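Remarks on the overall topology
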Amino acid sequence: MVAVIPDEDPSLEPAVHIHSHDEHVIPYEIMRWFIKQVAEQVEHCRIALEQGIPEAVE
């Protein structure tokens, strides 16, 4: 599972990609934790872009 946070274009929405050849079950609590981490990173990136600090996005 990978979160893609488009830091070059703030108008694009973040997305979660699940790469697998077979079905996997992801427990709800793990998905909540992962989404919380993604939300925090999105917020960090958007603030950095608004402040004109693109190197903080890396």
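Residues numbered from 1 in each chain as written. Predicted model: local features only at pLDDT ≥ 70, side-chain atom pairs only at ≥ 80, totals over all residues. Heavy atoms only, no water.

Some remarks on helix 1 (residues 28-50)
Relative to the 33 Å expected for 23 residues at 1.5 Å per residue, helix 1 spans 33 Å between its end C-alpha atoms, a close match to the ideal helical length. Taken together, the buried positions of helix 1 are F34, V38, V42, C45 and A48. Buried residues belonging to helix 1 abut strand 1 (2-4) and strand 2 (15-17). Two residues or fewer after helix 1 comes G52, characterised by a positive phi angle close to 75°. (Helix = DSSP H or I, 4+ residues; strand = E, 2+ residues; numbered from the N terminus. Expected span 1.5 Å × (residues − 1). Buried < 20%, exposed > 50% of the residue type's maximum accessible area, 1.4 Å probe, protein only. Contact = heavy atoms within 4.5 Å.)

Some thoughts on a nonpolar patch on the surface
Nonpolar side chains collect at one region of the surface, where M1, V16, I18 and I35 lie side by side and expose about 320 Å² of accessible area between them. Checked against the element boundaries, I35 lands in helix 1. Exposure remark for I35: the relative accessible area of 39% places this residue in the partly exposed category. (Patch = residues over 30% accessible without salt bridge, like charges linked within 9 Å, V, L, I, M, F, W, Y side chains within 5 Å. Areas by Shrake-Rupley, 256 points an atom, 1.4 Å probe, with all protein chains shown as cover. Salt bridge = Lys/Arg side-chain N within 4 Å of Asp/Glu carboxyl O.)

Here we look at the environment of V4
By the secondary structure assignment, V4 is in strand 1. We classify V4 as partly exposed; its relative accessible area is 38%. Setting aside residues up to four positions removed in sequence, V4 forms contacts with P14, A15 and H17.

Brief notes about the environment of H19
Here H19 is to be found in the loop between strand 2 and helix 1. Here H19 falls in the exposed class, since its relative accessible area comes to 61%. Sequence-wise, H19 and M1 are 18 residues apart; in three dimensions their C-alpha atoms are separated by 6.3 Å.

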